[in-house]
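# Observations on chain architecture
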Amino acid sequence: MTRATDPAARPTLSTTPSPRPRALRPDFVWGASTSSYQIEGAAREDGRGESVWDLFCRQPGRIQNGDTGDVACDHYHRYREDVALLRNLGVGAYRFSIAWPRVLPSGRGSPNEAGLAFYDRLVDSLLSAGIEPWVCLYHWDLPQTLQEAGGWANRDCASWFADYARVVASRLGDRVKRFATFNEPSVFTLFGYAFGWHPPAVDDAASHHAAIHHVNLAHGMAIDVLRDYVIGASLGAIHNMQPARPVQATPEDRAAAKMLDCYWNRAFADPQMRGAYPDAIASRMAPFCRDGDLERIHRPVDWLGINHYSPVYARADSAARLGFAWSDAPADAPRSPIGWQIDPAAFRDVLLDACDRYGLPIYVTENGAGAVELADASGAIDDRERIAYLAAYLEALEEATVLGADVRGYFVWSLLDNFEWGAGYANRFGIVRVDFATQARTPKASARWYAARIASHRAKATA
Ligand code: GCO
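Presented here is an overview of the structure given in this document. Keep in mind that this is a model prediction, so the values were computed, not measured. (Residues numbered from 1 in each chain as written. Predicted model: local features only at pLDDT ≥ 70, side-chain atom pairs only at ≥ 80, totals over all residues. Heavy atoms only, no water.)

## Observations regarding the overall build of the protein chain
For clarity, the threshold we go by: Every helix listed is a DSSP run of H or I at least four residues long, and every strand listed is a run of E at least two residues long, numbered separately from the N terminus. Here the globule rule reads 2.2 Å times residues to the power 0.38, and the radius of gyration is calculated from C-alpha atoms. To sort residues, take the accessible area from a 1.4 Å probe on protein chains only and compare it with the maximum for the residue type: under 20% means buried, over 50% means exposed, and anything in between is partly exposed. Contacts are residue-level and defined by heavy atoms, with any inter-residue pair within 4.5 Å sufficient. Methods summary: accessible areas were calculated by the Shrake-Rupley approach with a probe of 1.4 Å, and residue burial reflects only the protein chains presented. Charge assignment: positive for Lys and Arg, negative for Asp and Glu; neither His nor the chain ends contribute. To locate a charge, the coordinates of NZ of Lys, CZ of Arg, CG of Asp or CD of Glu are taken.
Along the protein chain, the regular secondary structure elements total 16 helices and 13 strands. Expected size for 463 residues packed as a compact globule is a radius of gyration near 23 Å; at 21 Å, the protein chain falls within 12% of this value. The principal-axis extents of the C-alpha atoms in the protein chain amount to approximately 55 × 55 × 45 Å. Residue burial in the protein chain is summarised as follows: out of 463 residues, 59% are buried. Restricting to contacts in the protein chain with at least 6 residues of sequence separation, those with at least 24 account for 79%. Counting only carbon and sulfur atoms, one obtains 53% of the accessible surface of the protein chain, whose full area is about 17100 Å². Of note, the protein chain has its 48 positive side-chain charges centred 3 Å away from the centre of its 55 negative side-chain charges.

Have a look at this one:
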C-alpha cells in the first residue's frame, strides 16, 4: 500500500486559512454525534434494563459530583427538539448509539417493544428532517446482567452481541443503512480492565486480553449479521486514533509509547481491518484465539470511523503490567479549556497514516473541544475557544485530503452538553448548551459557526 505522503516530507501545517480551493468532496458528510448513556436519561423508564454505567455511577467516588446518566439531557423525551436543533444546523447526518439494555433489558432474550419503539420514533423523526441516521450499536452501556455473566471476559458475550445486532437490524434496517459496531473499543477495554476508570474497573491481564479478543469477535459476528439483515448496509467501526508519544525521548519511553500505540490504536483496528494482532501483543492474545477466530474478526467493512481529540503520552514504568504508564502532554503544550492538548498537525497525520494503513474511506466520527462553561447573564455562550479548535482541526482535515487522505465526513462531538463519563456534567463538549436544571437547550456561538461552515461548503459544492 503506497503511503499518501512520507511523514518527513509533509509540509508544516498552515497557520492561516489557505487561499486554495477547498479540498473537501462536494458530497462531504457533515454531522453531529452523541451516545445513548450520555444523553438519553429515562434510565428506568419503559422497561429499560440496567447498564454497567448505571451501577458504576452509584459507586461513591466514581463520578465527579456524584453525577449519573439517570436524566442526562432527557433526550428520550426531548428527541424531537434535538432533531430540530440538528435540522437548524444543516447537518446531513446524525450519529447516535442504541442502548443495548433499552432494547434487551437483560441483554438477551425477548426484546423490549417500548425500547425499540423509541428508536423507531427517533429514526423516523430524523428521516422526516432529511437527516441520515448513523447508528452505533455499542457505546459502552453493556447490560449489567451480562456483566454479571462475565461480560466481555466471557466469549459468549460475542454471540450475545450478535443476537442484539440482529434485533436492531431487523427493526431498523429498512430505514437505517449506516451502522458501526463499537465505539472506541480500546478505550472501554483499557479503562475498564487496566486503569479502573470505567466499569468493570478491574486490573486483570487475563480478563483484559480476553475482553479485547471477544470484542473483536463480536465485531466480526455483528458485521455478518448486519450484512444479512440490512439491504444496502454501509458498515464500519469507530476507533479512537491518536499518536502515542513518549514523554521523554529515551529508549524506555519510546518502547512504552509503542506499547500504548498497540493497545490504544491497533489492538482492534489491525485484526478487524488487517486480519492480525500487532506483533507486540500477539503472544498475549494467543491464549484466547481459537482456530478461525481471526477470519471471523476480519470481515470486510465499508468505512473507518476515527475519533480524535489530541495525542496521548506514555512513559516507561517497570511495574506497569502493559509495558507503559499513561502520562500527559508537555507542560507547555497548547491546551483546550479542560486541559487536552491542541495539536491539529497530529490530527492531519493520524488521518494520513490511517488512510495508508487501512485503505478505507474515513469519516471523522468525533472531534471537538471540552470546556467548563458558564452562561453569561443573557444565557448566551460565546465559546470562541471551541470555534478556534474546530476551525484548526477542520483546516488540518483539509490539509490531509489535499495530501491524499480519503476523508468523506466530519461529525462534531457533540450536539449537546452531556454526561462526560468520569467528569459527569462538569466538562461540556456540546455546541448546544444544556441547562441541566431546566433541560433548556441554547445553541452556542459554535453552533452558529458550524452551521455557517456547513452552508459555505454546500454553496461551494453546488456553485
Ligand atoms: C470518547 C467517547 C465520548 C466522549 C468524548 C469526549 O471518546 O470518550 O466516544 O463518549 O464523551 O470523546 O471525551
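From this point, the narrative continues.
## Side note on the pattern of salt bridges
Proximity of charged atoms lets side chains of opposite charge pair with each other. Formally: Salt-bridge detection follows one rule: a side-chain nitrogen of Lys or Arg within 4 Å of a carboxyl oxygen of Asp or Glu.
In this structure the tally under the stated criterion is 36 salt bridges. Residue E113 is joined to R171 by a salt bridge in which the shortest nitrogen-to-oxygen separation is 2.7 Å. Pair noted here: E113 is in helix α5 (residues 113–128) and R171 is in helix α7 (residues 156–172), with a separation of 58 residues, a long-range link. A relative accessible area of 46% means that E113 is categorised as partly exposed. When the shortest N-O distance is used, the salt bridge between D120 and R171 registers 2.8 Å. Of the two residues, D120 sits in helix α5 while R171 sits in helix α7, which places them 51 residues apart along the sequence.

## Quick notes on helix α14 (residues 344–358)
Threshold: To estimate the expected span of a helix, subtract one from its residue number and multiply by 1.5 Å.
With 15 residues, α14 should cover 21 Å at 1.5 Å per step; its first-to-last C-alpha distance of 21 Å lies within 8% of that length. The set of residues buried in α14 consists of P344, A346, F347, R348, V350, L351, L352, A354, C355, D356 and Y358.

## Overview of the site of the ligand
Using the following cut-off: For this purpose, a residue is taken to be near a molecule or strand whenever a single non-hydrogen atom of the residue falls within 4 Å of it. Definition of a polar contact: a pair of N or O atoms within 3.5 Å, with one able to donate and the other able to accept a hydrogen when the atoms are protein atoms, and with sequence-neighbouring residues admitted only if both atoms are side-chain atoms. Ten residues, namely Ala, Val, Leu, Ile, Met, Phe, Trp, Tyr, Cys and Pro, are considered nonpolar, four, namely Asp, Glu, Lys and Arg, are considered charged, and the remaining ones, Gly among them, are considered polar.
For the ligand, the set of nearby residues contains 13 residues, the closest of which are Q38, E184, E366, E420 and W421. Side-chain polar atom of N183 to an oxygen atom of the ligand: 3.1 Å apart, as the coordinates give it. For the ligand, an oxygen atom lies 2.8 Å from a polar atom in the side chain of W421. Class assignment for the residues of the shell around the ligand results in six nonpolar, four polar and three charged.

## Some points on the sheet that holds strand β8 (residues 312–315)
To keep it simple, the criterion reads: Each pair of strands is called paired provided DSSP finds at least two bridges between the two strands. Fitted lines through C-alpha atoms give the axes, limited to the stretch in contact for helices. The angle between two N-to-C directions lies from 0 to 180 degrees.
With respect to topology, three strands assemble into an open sheet ordered β6-β8-β9, the strand pairing being mixed. Both edges of this open sheet fall to β6 (244–246) and β9 (325–327), since each of them pairs with a single strand only. Pairwise comparison of adjacent strand axes, ignoring direction, gives a mean angle of 45 degrees for this sheet. Inspection of the sheet shows β8 paired to β9 by three bridges, in the antiparallel sense. Across the sheet, A314 pairs through a bridge with W326, a residue of β9.

## Quick word on the nonpolar core
Our working rule: As used here, the term nonpolar core means buried Ala, Val, Leu, Ile, Met, Phe, Trp, Tyr and Cys residues forming a set that is joined through side-chain atoms within 4.5 Å.
By size, the foremost hydrophobic cluster in this structure holds 138 residues, and its most contacted members are W53, W100, W152, F161, L397 and Y410. Sorting elements by how many residues they give to this core places α7 first, with 11 residues. When residues no more than four places from it in sequence are discounted, the contact partners of F161 are W100, L137, Y138, W152, T181, F182, A218 and A222. Formed by nine residues, the second largest nonpolar core is a distinct cluster that contains A93, I238, Y363 and F411.

## Notes on the sheet that holds strand β2 (residues 93–97)
Sheets are built from strands that pair by backbone hydrogen bonding, the pairs being arranged parallel or antiparallel. Read around the closed barrel, eight strands run β1-β2-β3-β4-β5-β7-β10-β11, paired in parallel fashion. Mean inter-strand twist for the sheet, computed between neighbouring axes without regard to direction, equals 25 degrees. In this structure, strand β3 (residues 132–138) lies alongside strand β4 (residues 178–183), joined through four bridges in parallel fashion. Counted as the bridge partner of Y138 is F182 from β4. In the packing of α7 onto the sheet, the strands contacted are β3 and β4, and the crossing angle to β3 comes to about 155 degrees.

## What about the environment of L416?
Within the secondary structure layout, L416 lies in the loop between β11 (407–413) and β12 (432–435). Given a relative accessible area of 0%, L416 falls into the buried group. When residues no more than four places from it in sequence are discounted, the contact partners of L416 are C73, D82, L85, G430, V432, V434 and R441.

## Observations concerning the packing of helix α8 (residues 185–193) against helix α9 (residues 205–229)
Formally: Should an angle fall under 35 degrees it is taken as roughly parallel, and over 145 as roughly antiparallel, whereas 65 to 115 is taken as roughly perpendicular and any remaining angle as oblique. Left-handed is the label given to a crossing in which the near helix is rotated counterclockwise from the far helix by less than a right angle, and right-handed is the label when the rotation is clockwise.
Where α8 meets α9, the closest approach of the two axes is 9 Å, and the angle between their N-to-C directions is 160 degrees. Overall, the two elements α8 and α9 adopt an arrangement that is roughly antiparallel. Relative to α9, the crossing made by α8 is right-handed. Judged by residue contacts, P185, F188, T189, L190 and Y193 of α8 engage S207, H208, A211, I212 and V215 from α9. Per-class residue counts for the contact of α8 with α9 are seven nonpolar, three polar and no charged.

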